[in-house]
Amino acid sequence: FVLVLHRADNPQAVQSVAQKILQSLGQHYEIGSKQINTTPSIGIALFPQDAVDADTLMKNADLAMYRAKAQGRNGVHFFEPD
């Protein structure tokens, strides 16, 4: 899913929101008699630092998410141009 934070110009505040999402989604869930564990990965791209249009911003956030997955999942990664 996608989350857009309006007027989130402080990377530390965005990181804090992402950590809260990880904690919430990373909990164990019981469905029937089964315990489900999730390992969410969050990619973050900031406007206008990382892109000036919505399509590029989404692409860059997606790239950052895949980097978070590659680093072991259950984590957050900010977009880096390199």
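Residues numbered from 1 in each chain as written. Predicted model: local features only at pLDDT ≥ 70, side-chain atom pairs only at ≥ 80, totals over all residues. Heavy atoms only, no water.

A.B. asks: Explain the overall build of the protein to me, and be specific about the residues and the numbers.
C.D. replies: Along the backbone of the protein there are two helices and four strands. Starting at the N terminus and ending at the C terminus, the protein contains elements arranged as α-β-β-β-α-β. C-alpha atoms of the protein, sized along the principal axes, occupy 45 × 25 × 20 Å. Long-range pairs, those at least 24 residues apart, make up 47% of the contacts in the protein between residues at least 6 apart in sequence. Summed over all atoms, the accessible surface of the protein reaches about 6200 Å², with 54% contributed by carbon and sulfur. (Helix = DSSP H or I, 4+ residues; strand = E, 2+ residues; numbered from the N terminus. Contact = heavy atoms within 4.5 Å. Areas by Shrake-Rupley, 256 points an atom, 1.4 Å probe, with all protein chains shown as cover.)

A.B. asks: Hey, could you go over helix H1 (residues 11-25) for me, with residue numbers and the actual values?
C.D. replies: Under the 1.5 Å per step criterion, the end-to-end length of H1 is 21 Å for 15 residues, consistent within 8% with the ideal 21 Å. Residues of H1 that are buried in the fold lie against strand S3 (41-44) and strand S4 (75-78). Taking the backbone nitrogen of Gln-12 as reference, a side-chain oxygen 2.8 Å away marks Asn-10 as the first, capping residue of H1. (Expected span 1.5 Å × (residues − 1). Polar contact = N/O pair within 3.5 Å; in protein donor to acceptor, adjacent residues only side chain to side chain.)

A.B. asks: Requested: an account of the nonpolar core, with residues and values cited.
C.D. replies: Counting residues in each nonpolar core, the largest one holds seven residues, listed as Val-14, Ala-18, Leu-22, Ile-42, Ile-44, Leu-46 and Val-76. Listed by contribution, the elements that provide at least two residues to this core are H1 and S3. Looking at which element gives the most residues to this core, the answer is H1, with three residues. Sequence-distant contacts of Leu-22, defined by excluding residues within four places in its chain, comprise Pro-40, Ile-42, Asn-74, Gly-75 and Val-76. (Core = buried A, V, L, I, M, F, W, Y, C linked by side-chain atoms within 4.5 Å. Buried < 20%, exposed > 50% of the residue type's maximum accessible area, 1.4 Å probe, protein only.)

A.B. asks: Which residues make up unusual backbone geometry, and what values go with them?
C.D. replies: Here Phe-47 and Pro-48 are connected by a cis peptide whose omega angle stands at 0°. Mapping Pro-48 onto the fold places it in the loop between S3 and helix H2 (54-70). Non-glycine residue Arg-73 carries a positive phi angle of around 65°. Along the chain, Arg-73 turns up in the loop between H2 and S4. Its identity as a non-glycine residue notwithstanding, Asn-74 has a phi of 55°, on the positive side. You can see Asn-74 is positioned in the loop between H2 and S4.

A.B. asks: Outline a nonpolar patch on the surface, listing residues and values.
C.D. replies: Where nonpolar side chains cluster on the molecular surface, the patch consists of Phe-1, Leu-3 and Leu-5 and spans about 370 Å² of accessible area. Tracing the sequence through the fold places Leu-5 in the segment before H1. (Patch = residues over 30% accessible without salt bridge, like charges linked within 9 Å, V, L, I, M, F, W, Y side chains within 5 Å. Salt bridge = Lys/Arg side-chain N within 4 Å of Asp/Glu carboxyl O.)

A.B. asks: Lay out the pairing of strand S1 (residues 28-31) in plain terms, naming residues and giving numbers.
C.D. replies: Two elements, S1 and strand S2 (residues 34-37), share four bridges in a ladder whose sense is antiparallel. Note that in S2 the partner of His-28 across the bridge is Asn-37. Connecting S1 to the antiparallel partner S2 that follows it, the hairpin turn spans two residues, and Gly-32 within it adopts a positive phi of roughly 65°. (Pairing = 2+ DSSP bridges.)

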